[in-house]
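# Remarks on the overall topology
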Amino acid sequence: GNKLSRQQRKDALASLMFLKEKRNGEVKGRACVDGRPQRETIRKEEAASPTAATESVTLSSVIDAHERRDVATLDIPGAFLHSDNDDKNVIMILKGLLGELMVKVAPQIYRKYLLANEKGEKILYVRMTKAL
């Protein structure tokens with residue numbers, strides 16, 4: 001069903017939104033999830049996002065240059081955002097304006113799930129189907 005248990009609501013991950021106004025007046029937004037509550041339930045090996053050490057990249061670049069190798073790099077924008085979330089139990093909570101904006105974007109989907117807490121703050125719980 002669509003009802004969340006008290007424990008699921010308690011375990012829901014808070015969403016964070018960061019907005020920045022660029023010099024040209026455009027507003028850029030970045031959303032992320034506060035995953036600190038998951039630290040107790042997910043092993044570090046499963047949650048790590050491996051990153052190459054700066055020294056390793058520098059050393060590899062020096063070797064490539066010395067050997068006159070052709071090197072190419074690429075970035076796939078948003079590739080992580082298109083990754084499926086295998087854990088269907090990850091629930092994110094959107095509070096206040098974020099929850100209200102989701103309802104404005106797709107009222108037929110979200111309006112019936114928009115709740116209010118004891119302070120009257122709007123709350124929307126969403127199940128994560130993609131990695132964030």
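Residues numbered from 1 in each chain as written. Predicted model: local features only at pLDDT ≥ 70, side-chain atom pairs only at ≥ 80, totals over all residues. Heavy atoms only, no water.

This part is about the nonpolar core. Listed in full, the seven residues of the largest apolar core are Leu13, Val90, Met92, Leu94, Leu124, Val126 and Met128. Those elements that provide at least two residues to this core are β3 (91-95) and β5 (122-127). Residues within four places of Leu13 in sequence aside, it is in contact with Val33, Asp34, Gly35, Pro37, Gln38, Val90, Ile91, Met92 and Ile93. Listed in part, the six residues of the second largest apolar core include Leu4, Ala12, Ile123 and Tyr125. (Core = buried A, V, L, I, M, F, W, Y, C linked by side-chain atoms within 4.5 Å. Buried < 20%, exposed > 50% of the residue type's maximum accessible area, 1.4 Å probe, protein only. Helix = DSSP H or I, 4+ residues; strand = E, 2+ residues; numbered from the N terminus. Contact = heavy atoms within 4.5 Å.)

Taken together, Met17, Leu19 and Val27 make up a surface patch of nonpolar side chains, about 310 Å² in accessible area. Locating Val27 in the fold gives a position in strand β2 (residues 27-33). Of the residues examined, Val27 reaches a relative accessible area of 58% and is grouped as exposed. (Patch = residues over 30% accessible without salt bridge, like charges linked within 9 Å, V, L, I, M, F, W, Y side chains within 5 Å. Areas by Shrake-Rupley, 256 points an atom, 1.4 Å probe, with all protein chains shown as cover. Salt bridge = Lys/Arg side-chain N within 4 Å of Asp/Glu carboxyl O.)

In terms of burial, β3 is largely enclosed, as four of its five residues are buried. Across two bridges, strand β1 (residues 13-21) lies against β3 in parallel orientation. Paired with Ala14 across the strands is Ile93, a residue of β3. Relative to β5, β3 runs antiparallel, the two sharing five bridges. Opposite Lys95, over in β5, you have Ile123 as the bridge partner. (Pairing = 2+ DSSP bridges.)

Attention now moves to the environment of Ile123. Mapped onto the elements of the fold, Ile123 is located in strand β5. Along the chain, Ile123 and Leu97 lie 26 residues apart, while their C-alpha atoms are 9.0 Å from each other. Beyond its immediate chain neighbours, meaning those up to four positions away, Ile123 contacts Ile93, Leu94, Lys95, Tyr113, Leu114, Leu115 and Asn117.

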